Protein chains: 2
Amino acid sequence: MQFTINRSAFIKALNDVSRAISSRTTIPILTNIKLVLNDEELVLTGSNADISIETTIPQSDTSTQLVITTPGGITLPATFFINIVKRLPNDSMTLTVEGLRATITSGASSFTINGQDVQNYPQLPEMDDVQSLSVSAAQLVDIISQTKISASTQESRPILTGIHLELTGNSVKAVTTDSHRLSQRIVHLTGTDADVDANVIIPAKSFNELQALLEGQDRVEIKFSTNQAVFDLGHTTFYSRLLEGNYPETDRLIPTESTTQITIEASSLLGAIDRASLLSHESRNNVVQLSLTSGNAVLTGTSQEVGQVTEELNATSVEGDDLEISFNPDYVRDALRVFNGKKVAIKFTSNLRPFTLTPEGETDNKQLQLITPVRTF
Amino acid sequence: MQFTINRSAFIKALNDVSRAISSRTTIPILTNIKLVLNDEELVLTGSNADISIETTIPQSDTSTQLVITTPGGITLPATFFINIVKRLPNDSMTLTVEGLRATITSGASSFTINGQDVQNYPQLPEMDDVQSLSVSAAQLVDIISQTKISASTQESRPILTGIHLELTGNSVKAVTTDSHRLSQRIVHLTGTDADVDANVIIPAKSFNELQALLEGQDRVEIKFSTNQAVFDLGHTTFYSRLLEGNYPETDRLIPTESTTQITIEASSLLGAIDRASLLSHESRNNVVQLSLTSGNAVLTGTSQEVGQVTEELNATSVEGDDLEISFNPDYVRDALRVFNGKKVAIKFTSNLRPFTLTPEGETDNKQLQLITPVRTF
């Protein structure tokens, strides 16, 4: 195996693939990056068993300056190999593999490092029974960023670590909940005549890496099989396993009426919450109180040890019954960041029942954050 | 105690003082910041027992918008207080102290936090038997940055964690050594008619914080007493304790002749060392070899487990006897960074004796880095 390549183009591809590679893996060969060279292209693969990323550098793309001398394959220790490639002195580099030894040369610099047989690297999953649809990358990012905040990070109920996607016709409903809060986003997909019918749960942390790859992309082809979701971004393909099981029914958790409502600029409330949480984070229990009385809204935090904070909120309107309610300010902060730049309507039923945040004027729950209050008496 | 102040000016002063404050201290009140207000100025103090920083905000400086209502003093939890000040909503803020409770107000935001009595805060050291001199900030930074790399970070021989300064007339000689390497910098102070005679050892880590304060400064007044060095930067004063004991004699460690010499661009050698150390860092012993043979210079690293690296160096000249020598690449890297942008002369006597790095053409050891090789046979 031997090829010469433009180092910048190679580094870009290595960075993309390395997003899937973790140094903490129970399968040692997955700390390696797989390189396979055929007569036309170089294919790089990285994986952590949950997600896999494969990217192709075609010889036909002249900007890569890829010159293929001898096809072949090898796997190399990812972090070490990428650090070497990044620090080489010249614009171009040559990789030569003999047996399981790879020699990397660039200018007056030469490295020889030990690799492992490409045959020992796990195969990427086969796709069976496939449904596919084309989605705008911007819409996909919108769905992910509005829901991933409420996915659980605890493995005690693995199903809750996922984003639940229900696809019907060209509509997508995405829901997450960690049982303290819930996020819901419903969109009609644009620029597609997709007509799929799928119900899948994708690990929310898979999307952290996908989001980075989506930057600068226009559209994405998504395919679902029994246990995999595949996102095709042209030269790069992203694989995520699916979570198995039934996602809990969430519609019944969303209140259908309210008795108190406040409307306020998300950024203004975010500032007050950020300050109040400085105090609550120093306390044993991370809780703040919101008091809605005859048109006034006041946020307070009190801790015997640390002190107290009072924030008079600059609300557009405070309507309905008087209410005192306590909640975790971090949940409200995460929810408000999703709405940044907009006015939000926050609707309450009682200080024991979940409250909801939606964009002002929207009533169809297409963009909804729900938070369970904290009992403080 | 009560005052109103421009928040940006206050944050700048808080940031300066907080450089001395550590959350890991055996004296709990030192996690606090001390505020003392008299009729004319607000004085802030932070300390970690090794270093102390005091900064004064005078009412006469109108940019601070300091309005003094009632003089007084308090100490407040530093990190918590500074985070609050940074996130307040308005350009100005008011601090009111009643007993040991401080109320911070800005716009519709109000915090009340618990402080401690200013009487319980340690006094800054009294200066006795003082010698003083004025130094250009740029020269002081030059002395520090060229020597601190070789100060020890091990507490087994505390004296070696310091920078040894010998001042005679208007000349300063600074030396550090961790017993594996040595840095020396000798300068004639400019713009001063100082005539001091002092021999002090200042903890090298004190200078990490001082360097940040020196940015944008023109000159610094330095005072030495029996156990303190004080750096007067106008509105801010920096105190460091001195290390007690006799610094080892170092002149005899510096070779007076050489048998092999290489001259090379510091940046070019730095690139090769950086790459070679990628491999040595993956090996059990962090060592690379330099081979100087009939005008050629080659850097190599070999590790059974990891692989090998060869770097042909682009030296300006290689003169004298052939030589093979092994060393810790991190030491050479640190030394080369000091010389960046210059050509360095590296002089060797044998593969068992220390070698030196100096700027090309300089023979007076005013700017010298010395490194002990590693025996590999």
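Before reading on, note that the structure itself is shown above.
Residues numbered from 1 in each chain as written. Chains lettered and ligands numbered in written order. Predicted model: local features only at pLDDT ≥ 70, side-chain atom pairs only at ≥ 80, totals over all residues. Heavy atoms only, no water.

Tallying the contact residues gives 28 residues for chain A and 29 residues for chain B. Together chain A and chain B conceal approximately 2300 Å² of surface at their shared face, both sides included; 54% is due to carbon and sulfur atoms. Between Asp274 of chain A and Arg87 of chain B there is a salt bridge, and its shortest N-O distance comes to 4.0 Å. Between the two partners, chain A and chain B, sit 18 residue pairs in polar contact (both at pLDDT 80 or more). If you list the elements that add at least two residues to the side of chain A that touches chain B, you get helix 2 (78-87), strand 9 (109-114), helix 5 (266-282) and strand 21 (307-312) of chain A. For the side of chain A that touches chain B, the residue count by class is eleven nonpolar, nine polar and eight charged. (Contact = heavy atoms within 4.5 Å. Buried area = accessible area lost by both parts, 1.4 Å probe. Salt bridge = Lys/Arg side-chain N within 4 Å of Asp/Glu carboxyl O. Polar contact = N/O pair within 3.5 Å; in protein donor to acceptor, adjacent residues only side chain to side chain. Helix = DSSP H or I, 4+ residues; strand = E, 2+ residues; numbered from the N terminus. Nonpolar A, V, L, I, M, F, W, Y, C, P; charged D, E, K, R; others polar.)

Following the criterion strictly, the structure yields twelve aromatic pairs over all chains and no others. The interplanar angle of 70° and the centroid separation of 6.0 Å between the aromatic rings of Phe231 of chain A and Phe238 of chain A together place this pair among those described as edge-to-face. (Phe/Tyr/Trp six-rings, centres within 6.5 Å; stacked < 30°, edge-to-face > 60°.)

In this section: helix 1 (residues 7-18) of chain A. Residues and elements named next belong to chain A. An ideal rise of 1.5 Å per residue puts 16 Å on twelve residues; helix 1 measures up with 16 Å between its terminal C-alpha atoms. Buried residues of helix 1: Arg7, Ala9, Phe10, Ile11, Ala13, Leu14, Asp16 and Val17, and no others. Looking at where helix 1 begins, the residue whose side-chain oxygen comes 3.0 Å from the main-chain nitrogen of Ser8 is Asn6. (Expected span 1.5 Å × (residues − 1). Buried < 20%, exposed > 50% of the residue type's maximum accessible area, 1.4 Å probe, protein only.)

We now examine the relation of the copies chain A and chain B. Between the two copies, chain A and chain B, the superposition gives an RMSD of 0.0 Å; the rotation angle is 180° and the shift along the axis is 0.0 Å. On the angle and the small slide along the axis, the relation comes out as a two-fold axis. Measuring from the rotation axis to each C-alpha of chain A, the shortest distance belongs to Arg24 of chain A, at 15 Å. In this assembly the copies share their binding face: 100% of the residues contributing to the interface of chain A also contribute to that of chain B. (Least-squares fit on C-alpha atoms with pLDDT ≥ 70 in both.)

The subject of this paragraph is the sheet that holds strand 20 (residues 296-303) of chain A. Here nine strands make up an open sheet; going across it, the order is 23(A)-19(A)-20(A)-21(A)-9(B)-8(B)-7(B)-1(B)-5(B) and the pairing antiparallel. The open sheet has two edge strands with one neighbour each: strand 23 (323-327) of chain A together with strand 5 (67-70) of chain B. Taken pair by pair, the neighbouring strands of this sheet meet at an average axis angle of 15°, ignoring direction. In this structure, strand 20 of chain A lies alongside strand 21 of chain A, joined through six bridges in antiparallel fashion. Bridge pairing in strand 21 of chain A links Ser303 of chain A to Gly307 of chain A. (Pairing = 2+ DSSP bridges. Axes fitted to C-alpha atoms, helices over the stretch in contact; angles between N-to-C directions.)

All names here are of chain B. In this structure, strand 1 (residues 2-6) lies alongside strand 7 (residues 92-98), joined through five bridges in antiparallel fashion. The residue of strand 7 that forms the bridge with Gln2 is Thr96. Looking at chain direction, strand 1 and strand 5 are connected through three bridges and run antiparallel. Counted as the bridge partner of Thr4 is Val67 from strand 5.

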